[in-house]
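Inside the fold
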Amino acid sequence: MTASLTALLRYQAALLARSHRWLPPFLVYAAFLAIGVQTGGPILDAYGYAAAGLLPVTVWLSRICAANEPPAARRCIAAAAGPGRAQLAALLTAAGAALLLALGGTAFVALLSDPHSADHRTAVPVGPATAAGLLTALVCLLLGGAIGALCSWPVLRRPGWGVPAGLVAALLLLVLGASPANAALTGMVTGSERGTVLMPWLPLAAALPLAAAAAAVACALAARRG
Amino acid sequence: MPRGAAARMRLDGVGRRYGVRGPWILREVRLDVPAGALLRVEGANGSGKSTLLRLLAGLDRPTAGRITGRPRTAYVPERFPAALPFTAAAYLTHLGRVHGLRTPEAARRAAEWLERFGAAGHARTPLAELSKGTSQKVAVAQALLAGPDLLVLDEAWTGLDPAARGLLDRAVAERVAAGGSVVFVDHDPGRLAGAADARYRVADGRLHPVPAGPAAGPEQAAEPRGPVAVIEAEGPPGSPPPAALPGAPEAAPGPGGTIRLTVPAAHSDALLRALLTAHPPWHIRTVTAPGPPPGPHAPGRRPPGPPAPGPDTPAPGENPRP
């Protein structure tokens, strides 16, 4: 009850860092960027590509953090801090790790890409393009975190269902027109065609409550299924 | 802190079932957990006592009823096979911080509790490499190191060696003496015998208080009297013993103006500490080491139960398993 969220975050972050379970998603994301981001490619397209890859990777990281402790250890933490807060700390730790990836990916794209439109005729300002790229990554991060929270303990407890459910949900969010992630990515692609930077404020405004609601569901259930 | 302080947790009409149509695991549980109380919960396997402990520890929420007044809580599981990527000391420091301690204090108490349980040599051992017994010591230490107001022990003694079990008994008595509440389940009927303030039995999904003493029916054996320690202490002339002593010792006049205090062995350290640190302090004349329970005519805190058969009589300083 008196435990600060800081102590929980520190514990979860140390747990993730020392368990080395962060390594596979980080490597996969690095490979994804290395394959798809070309030197001299149009910058907005590259930002869209980097953000799209972040969504399933965030699902993966959230699933790792949500189940990174054996049940006995989780109960010790939950008794001290409350199961909901313990779960929130795990989800926030995953989001933090994904944010590191987003920042790294953004820096990578900014260094390699060409600040022009898709046809390389219109110049695109690097600063606003990078801001739009970061916001798009944030939209994908929030939605990936939401799926990760809903596709792992305590919401989805059947072993073997979490991974396929998470992958399908991530894919649907990327391709379905109604999804904020799709809207943000489409904005990047059309912006690249026209040579204008479109800030994804609306998708971000939609993704924030979705992520908050998913985290709230997971934390509330953690208190009932301890 | 005095025993019976105002702060207390209360379970009011608490019920728990899993699923909308699942059977009730627990129903209409009414339980007060006063500050400074040591409560024992009994019940057959699958009777719901673990569910009750999880509700008490805040790990689970009741389907019906309310739990109010939850204090700062710590929980010790029965098995702690923690495959966590920390050393014992680092894990305990993290847990101390989660309990609200600052880092230096958390690290100091982590080292102190490991030393107390004779596991100081394992402070830098990764948790995954610890033996089962040492793992359990870490599990116990994480709960005790922050001095929780409510300590919930789910067969925490299982897996500990006899010496560590005795240490845990005394640590529990210490918590209770400091005003904390302790609720425990243990399969050993002699666990903290005579020291518990109340016993409850979970049966048919309900919580029944187990009456102490001969009023209990023949089926429900009264609480076995555990080993006791006898302390002869001398206070300032004419003054009564301090009020609210740990373990609620039975006081009787002793030789030479002393007072003879009989207390469950687990409480003896806490009682001595309370006497020596009283204002004005008491003088300790003699301490008789924990022995077998006194005979049926000896003065006791509670009327003694049926005499324990020979093999079950606890030997001094250890708590044999049945």
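Presented here is an overview of the structure given in this document. Quick caveat, the model's predicted, so the values are computed rather than measured.

1. Regarding the overall build of chain B
In terms of helices and strands, chain B carries six helices and 13 strands. Per-residue burial for chain B yields a buried fraction of 51% across its 322 residues. In chain B, once contacts between residues fewer than 6 apart in sequence are set aside, the share between residues at least 24 apart is 73%. Just so you have it, chain B exposes about 14,100 Å², and 55% of that area is on carbon and sulfur atoms.

2. A closer look at the overall build of chain A
For chain A, the count of helices and strands is nine helices and zero strands. Taken from the N to the C terminus, the helices and strands of chain A come in the order α-α-α-α-α-α-α-α-α. A compact globule built from 226 residues should have a C-alpha radius of gyration of about 17 Å, and chain A, at 18 Å, falls within 12% of that. In chain A, buried positions account for 51% of the 226 residues. Only carbon and sulfur atoms are counted for the fraction: they give 72% of the accessible area of chain A, which is about 9,500 Å². Taken together, the 13 basic and 5 acidic charged side chains of chain A have centroids lying 28 Å from each other.

3. Re the pairing of strand 2 (residues 24-34) of chain B
The sheet contact formed by strand 1 (residues 8-17) of chain B and strand 2 of chain B spans seven bridges and is antiparallel. Residue pairing in the sheet places Arg10 of chain B in a bridge with Asp32 of chain B of strand 2 of chain B.

4. As for the sheet that holds strand 2 of chain B
All names here are of chain B. The strand order across the open sheet formed by three strands is 2-1-4, and the pairing between neighbours is antiparallel. At either margin of the open sheet sits one strand with a lone partner, and together these are strand 2 and strand 4 (64-68). Sheet twist, expressed as the average angle between the axes of neighbouring strands with direction ignored, equals 15°. Alignment of strand 1 against strand 4, held across four bridges, turns out to be antiparallel. Bridge pairing in strand 4 places Leu11 opposite Ile67. Across the sheet, helix 1 (residues 49-56) lies against strand 1, strand 2 and strand 4, angled at about 50° from strand 2, the strand it touches most.

5. Some details on the packing of aromatic side chains
The full count for this structure, using the stated rule, is seven aromatic pairs over all chains. Residues Phe80 of chain B and Tyr91 of chain B carry aromatic rings whose centres are separated by 5.7 Å and whose planes lie at 45° to one another, so their mutual orientation is tilted. Taken together, the residues span a long stretch of sequence, with Phe80 of chain B in the loop between strand 5 (73-76) and helix 2 (88-98) and Tyr91 of chain B in helix 2 at a distance of eleven residues. Like Tyr91 of chain B, Phe80 of chain B is buried. Among the aromatic residues, those joined into a ring-pair cluster are Tyr29, Phe32 and Tyr49 of chain A.

6. Structural notes on the packing of helix 2 of chain B against helix 3 (residues 103-116) of chain B
Residues and elements named next belong to chain B. As a packed pair, helix 2 and helix 3 sit with axes 8 Å apart at the nearest point and diverge in direction by 130°. As summarised for this structure, helix 2 and helix 3 are arranged oblique, according to the angle between their axes. Handedness of the helix 2/helix 3 crossing: right-handed. Here Ala88, Ala89, Leu92, Thr93, Gly96 and Arg97 of helix 2 come into contact with helix 3, specifically with Thr103, Ala106, Ala107, Ala110 and Leu114. Residue composition of the contact of helix 2 with helix 3, grouped by class: seven nonpolar, three polar and one charged.

About the cut-offs
- Residues numbered from 1 in each chain as written.
- Chains lettered and ligands numbered in written order.
- Predicted model: local features only at pLDDT ≥ 70, side-chain atom pairs only at ≥ 80, totals over all residues.
- Heavy atoms only, no water.
- Helix = DSSP H or I, 4+ residues; strand = E, 2+ residues; numbered from the N terminus.
- Buried < 20%, exposed > 50% of the residue type's maximum accessible area, 1.4 Å probe, protein only.
- Contact = heavy atoms within 4.5 Å.
- Areas by Shrake-Rupley, 256 points an atom, 1.4 Å probe, with all protein chains shown as cover.
- Rg over C-alpha atoms; globule rule 2.2 N^0.38 Å.
- Lys, Arg positive; Asp, Glu negative; His and termini not counted.
- Charge placed at Lys NZ, Arg CZ, Asp CG, Glu CD.
- Pairing = 2+ DSSP bridges.
- Axes fitted to C-alpha atoms, helices over the stretch in contact; angles between N-to-C directions.
- Phe/Tyr/Trp six-rings, centres within 6.5 Å; stacked < 30°, edge-to-face > 60°.
- Parallel < 35°, antiparallel > 145°, perpendicular 65-115°, else oblique.
- Left-handed = near helix turned anticlockwise from the far one by under 90°.
- Nonpolar A, V, L, I, M, F, W, Y, C, P; charged D, E, K, R; others polar.

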